[in-house]
Amino acid sequence: MYKSRGVISALLMVFGLLGGVNLASAKPYKAAEIYSKQTYKYGRYEMRMQVAKGSGVLSTFFTYKNGSEQPGVFWEEIDIEIFGKNNATQWQSNVIIGTNRPTTKTEGVHTMPYSLGDGYHTYVLEWTPSYIAWFVDGTQVRRINGGQFVTGLTSPQDLRFNLWAANIPEWVGAWNDSILPVYQFVNYIDYKPWNASTNSFGSGGWRDDFNSFDSNRWGKANWTFGENRADFEPNNVVVKNGTLVLALTREGQTGYNGTPPVDSGSGTGSGSSSSTAPAASITIQAETFNEVGGNVTVENGVVGYIDAGEWFKYNNVNIPQTGTYKVEYRVASALTTAQFTLDRNGVGLGTISVPNTGGWGNYQTISHNIYLNAGNQSLAIYANSGGFNIDWLRLTKI
């Protein structure tokens with residue numbers, strides 16, 4: 001949910017960079033952002049980060065096509081946005097496209113079984129001509145195979161990290177400035193370009209371990225936008241002890257004089273997690289199915305009007321470990337007879353009944369346990385009897 005911040009920030013970036021004007025001077029809080037001076041397209045983007053905790057705060061990595069904010073221009077953006085609220089246990093994946101305003105989004109909110117602010121974790125964004133996928137600590141959390149949110153991204157984009165305070169409490173939580181200062185720490189970013197001839201991520205990329213601030217690669221933001229409680233202040237971008245530090249502070253208290261936390265995980269660029277990190281959940285938004293049988297309806301991110309015998313399949317779901325998984329479904333029904341089966345490659349794994357949730361718009365979470373082998377596989381929902389809506393499903397190893 002990038003909201004309108006790209007519209008305003010990109011306009012201010014033009015004035016700030018071309019006019020040499022420091023625009024970060026009007027607000028009582030100061031945030032931090034860096035942006036790449038080169039644009040990139042398909043590739044694998046890996047980074048190790050420890051994010052900021054606190055309601056109202058966002059720690060992010062995202063790609064953004066410059067000029068998207070201009071009227072009539074097709075918007076292109078891919079997001080990793082970690083919420084500071086709820087002890088930093090939730091983050092959002094998103095793709096934003098479209099010429100019309102408001103733009104078209106595919107927001108997914110993912111809940112982790114641990115705080116992303118208590119240590120470093122590995123985040124990976126894979127962007128190819130056929131899919132976009134998000135990983136945390138080596139586990140694929142979301143994947144979009146084809147469709148408008150993949151094919152609509154055709155332009156190179158710049159890379160950005162930022163830490164900011166959103167004036168959107170229904171999204172990021174209530175604001176209380178007693179939490180300040182807070183910090184986002186980045187150990188490294190590693191980029192591997194997509195090789196179309198081998199259909200893989202190849203050589204010719206780069207890695208920045210932030211042993212210094214590479215001003216040839218990165219710029220420091222000095223602008224703001226309407227939904228940001230803070231101005232982006234270059235002094236709140238600090239590189240220390242091989243770590244990029246982004247600070248969110250009060251005015252007059254900018255910078256960072258502490259010692260960055262040590263990354264006790266692998267830090268090897270392999271995408272593996274700290275040995276103590278629990279496995280992440282895999283959340284699949286219901287509307288992102290790859291194949292369908294029947295005439296189900298997709299509306300407002302929900303699959304509905306599901307009748308008996310209809311099904312929808314999700315291809316290439318990466319199961320990281322063999323074992324028992326708790327599978328949760330967010331469902332709604334006004335009936336007591338709805339029932340469906342979770343299917344893997346044509347074999348039923350388990351059947352579950354959907355309760356009467358009190359109406360088609362009243363959603364409840366139901367669950368059952370199933371056994372899965374590691375590896376890529378196709379999972380499908382088959383309606384034994386119809387009359388239910390489904391918002392998402394989530395798999396968590398137990």
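Criteria and cut-off values
Residues numbered from 1 in each chain as written. Predicted model: local features only at pLDDT ≥ 70, side-chain atom pairs only at ≥ 80, totals over all residues. Heavy atoms only, no water. UniProt positions renumbered as here; feature names shortened; annotations may be inferred. Buried < 20%, exposed > 50% of the residue type's maximum accessible area, 1.4 Å probe, protein only. Polar contact = N/O pair within 3.5 Å; in protein donor to acceptor, adjacent residues only side chain to side chain. Helix = DSSP H or I, 4+ residues; strand = E, 2+ residues; numbered from the N terminus. Pairing = 2+ DSSP bridges. Salt bridge = Lys/Arg side-chain N within 4 Å of Asp/Glu carboxyl O. Phe/Tyr/Trp six-rings, centres within 6.5 Å; stacked < 30°, edge-to-face > 60°. Lys NZ or Arg CZ within 6 Å of the ring centre and 35° of its normal. Axes fitted to C-alpha atoms, helices over the stretch in contact; angles between N-to-C directions.

## Quick look at the UniProt feature "active site" (unreviewed entry) in the protein
So, point 1. UniProt tags Glu77 and Glu81 as "active site" (unreviewed entry).
So, point 2. On the basis of relative accessibility, which here comes to 0%, the residue Glu77 falls in the buried class.
So, point 3. Of note is the side chain of Glu77, whose polar atom sits 3.0 Å from the side chain of Trp75.
So, point 4. Positionally, Glu81 belongs in strand S4 (residues 75-83).
So, point 5. When its relative accessible area of 0% is taken as the criterion, Glu81 is described as buried.

## Focus on the pairing of strand S22 (residues 302-306)
So, point 1. Burial analysis of S22 places four of its five residues in the buried class, which makes it a mostly covered element.
So, point 2. Here three bridges tie strand S21 (residues 297-299) to S22, and the two strands are oriented antiparallel to one another. Pairing of Glu299 across the sheet is with Val302, part of S22.
So, point 3. Taken together, S21 and the strand that follows it, S22, pair antiparallel across an intervening segment of two residues, in which Asn300 is found at a positive phi of about 55°.

## Let's talk about the side chain of Thr224
So, point 1. For Thr224, the location among the structural elements is in the loop between strand S15 (218-220) and strand S16 (230-232).
So, point 2. By relative accessible area, which is 11% here, Thr224 ends up buried.
So, point 3. Within the structure, the side chain of Thr224 is placed 2.7 Å from the backbone oxygen of Ala230, a separation counted as a polar contact.

## A word on the pattern of salt bridges
So, point 1. Inspection of every chain in the model, using the stated rule, returns 15 salt bridges.
So, point 2. Linking Asp231 and Lys30 is a salt bridge whose minimum nitrogen-to-oxygen distance equals 2.6 Å. In this pair, Asp231 is assigned in strand S16 and Lys30 in strand S1 (residues 29-36), connecting sequence segments 201 residues apart. The pair Asp231 / Lys30 is uniform in exposure class, with both members buried.
So, point 3. A salt bridge links Glu76 to Lys65, with the nearest nitrogen and oxygen atoms 3.5 Å apart. Of this pair, Glu76 sits in strand S4 while Lys65 sits in the loop between strand S3 (57-64) and S4, and the two are 11 residues apart along the sequence.

## Let's talk about the packing of aromatic side chains
So, point 1. Counting across every chain of the model gives 25 aromatic pairs.
So, point 2. On the numbers, 6.0 Å between centres and 55° between planes, the contact of Phe225 with Phe232 is tilted.
So, point 3. What makes Phe232 buried here is its relative accessible area of 0%.
So, point 4. The ring of Phe83 carries the charged tip of Lys85 above its face, separated from the ring centre by 4.9 Å.
So, point 5. The residue whose ring lies beneath Lys220 is Phe213, and the NZ or CZ to ring-centre distance is 4.7 Å.

## Focus on the sheet that holds strand S26 (residues 347-353)
So, point 1. Spatial strand order, S20-S23-S28-S25-S26: five strands in an open sheet with antiparallel pairing. At either end of the open sheet lies a strand with only one pairing partner, and these are strand S20 (291-293) and S26. On average, each strand axis in the sheet is inclined to that of its neighbour by 25°, with strand direction left out of account.

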